[in-house]
Amino acid sequence: MASTDKHYHPALEARLRVLLAQRDWQGVTAYVDSLSNSQFRTAGYMLGEALMPSLPDSDFWQLASVLVRHNSKAFLVTMLKSAAQRGMDVGSEGFASFCRLLIPNETDTHKALTRLLPLLEKPEEVQRLFALLGVSDPRRMLRYLLPVATEAASFQLLLTLRFLDHDRGLLLRAVNYVMKRGGDLSFNLASLLKTYFGLDEVKGPFSRSVEPYELSRLAASYKAFCQALNR
């Protein structure tokens with residue numbers, strides 16, 4: 001029961017619902033600041049888990065921006081979790097404005113990328129997220145892409161490594177990192193990358209092969225890439 005009490009408080013919920021219905025975002029920040037520490041945590045949980053996911057997209061990102069601008073340490077992770085729960089449209093202006101708010105703070109940018117990249121299902125969404133958060137350096141992109149075992153991130157990893165193919169040592173480290181992540185997708189990706197970049201030094205029980213004519217299509221077609229990755 002004690003655990004449940006931490007996540008719900010009827011009086012807090014009633015007040016927050018009124019403020020949200022009025023779209024009084026500053027009122028929300030003033031109200032949560034007036035609460036005790038335990039009530040503040042409860043209010044944050046209720047906002048992120050129960051109340052904000054059902055808001056219209058523009059309202060959600062407006063309030064998320066207000067809360068993060070007001071207290072990033074307390075609200076950023078909560079807002080990122082809430083965004084994941086409700087589903088994200090990375091093409092929305094509200095999301096773009098939220099991302100621009102994070103750019104000056106490298107820690108906030110890091111939190112956003114590590115939490116949001118695994119949720120994206122299309123390579124253009126991955127590219128847009130990097131662009132919105134001001135990340136364009138291939139080596140910096142690589143650090144975020146390597147841990148993410150999704151098709152979209154894997155395709156962007158291939159495109160990013162092409163900018164770094166002059167650094168063979170880096171390519172070898174990247175492919176070995178992917179292989180050590182475990183799982184079929186990671187192992188298959190390591191095999192594709194080994195063949196694509198001619199990394200004969202990478203050792204492993206690779207059974208699949210990619211025909212020469214397929215190699216040229218891997219970076220040009222996401223569909224071809226996914227077919228090669230999953231067959």
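In the block above lies the structure referred to throughout.
Residues numbered from 1 in each chain as written. Predicted model: local features only at pLDDT ≥ 70, side-chain atom pairs only at ≥ 80, totals over all residues. Heavy atoms only, no water.

## Notes on the overall build of the protein
A tally of regular secondary structure across the protein gives 15 helices and zero strands. Taken over the C-alpha atoms alone, the protein extends approximately 65 × 35 × 30 Å along its principal axes. With 231 residues in all, the protein has 48% of them scored as buried. A separation threshold of at least 6 residues defines the contact pool for the protein, and within that pool the share at least 24 residues apart is 64%. Charge separation in the protein, taken as the distance between the mean sites of 28 positive and 23 negative side-chain charges, equals 3 Å. (Helix = DSSP H or I, 4+ residues; strand = E, 2+ residues; numbered from the N terminus. Buried < 20%, exposed > 50% of the residue type's maximum accessible area, 1.4 Å probe, protein only. Contact = heavy atoms within 4.5 Å. Lys, Arg positive; Asp, Glu negative; His and termini not counted. Charge placed at Lys NZ, Arg CZ, Asp CG, Glu CD.)

## Quick notes on the environment of Glu214
Tracing the chain through its elements places Glu214 in helix 14 (residues 212–218). In this structure the C-alpha to C-alpha distance between Glu214 and Ala228, which are 14 residues apart in sequence, comes to 8.3 Å.

## Comments concerning unusual backbone geometry
The backbone of Arg23 sits at a positive phi, close to 55 degrees, despite the residue not being glycine. Here Arg23 shows up in the loop between helix 2 (10–21) and helix 3 (25–33). Judged by relative accessible area, Arg23 falls into the partly exposed class, the value being 43%.

## Some points on helix 10 (residues 138–145)
Among the residues making up helix 10, those that are buried are Arg140, Met141, Leu142, Tyr144 and Leu145. Against the buried residues of helix 10 lie helix 8 (106–116), helix 9 (123–132), helix 11 (151–162) and helix 12 (168–181).

## Side note on the pattern of salt bridges
This structure, assessed with the given rule, holds six salt bridges. The closest approach of N and O atoms between Arg86 and Asp57, which form a salt bridge, is 3.3 Å. Separated by 29 residues along the polypeptide, Arg86 in helix 6 (residues 72–86) and Asp57 in helix 5 (residues 57–70) bring together distant segments of the chain. The partner of Glu93 in a salt bridge is Arg100, and the shortest N-O contact between them spans 2.6 Å. Since its relative accessible area comes to 51%, Glu93 is described here as exposed. You can call Arg100 partly exposed: its relative accessible area is 44%. (Salt bridge = Lys/Arg side-chain N within 4 Å of Asp/Glu carboxyl O.)

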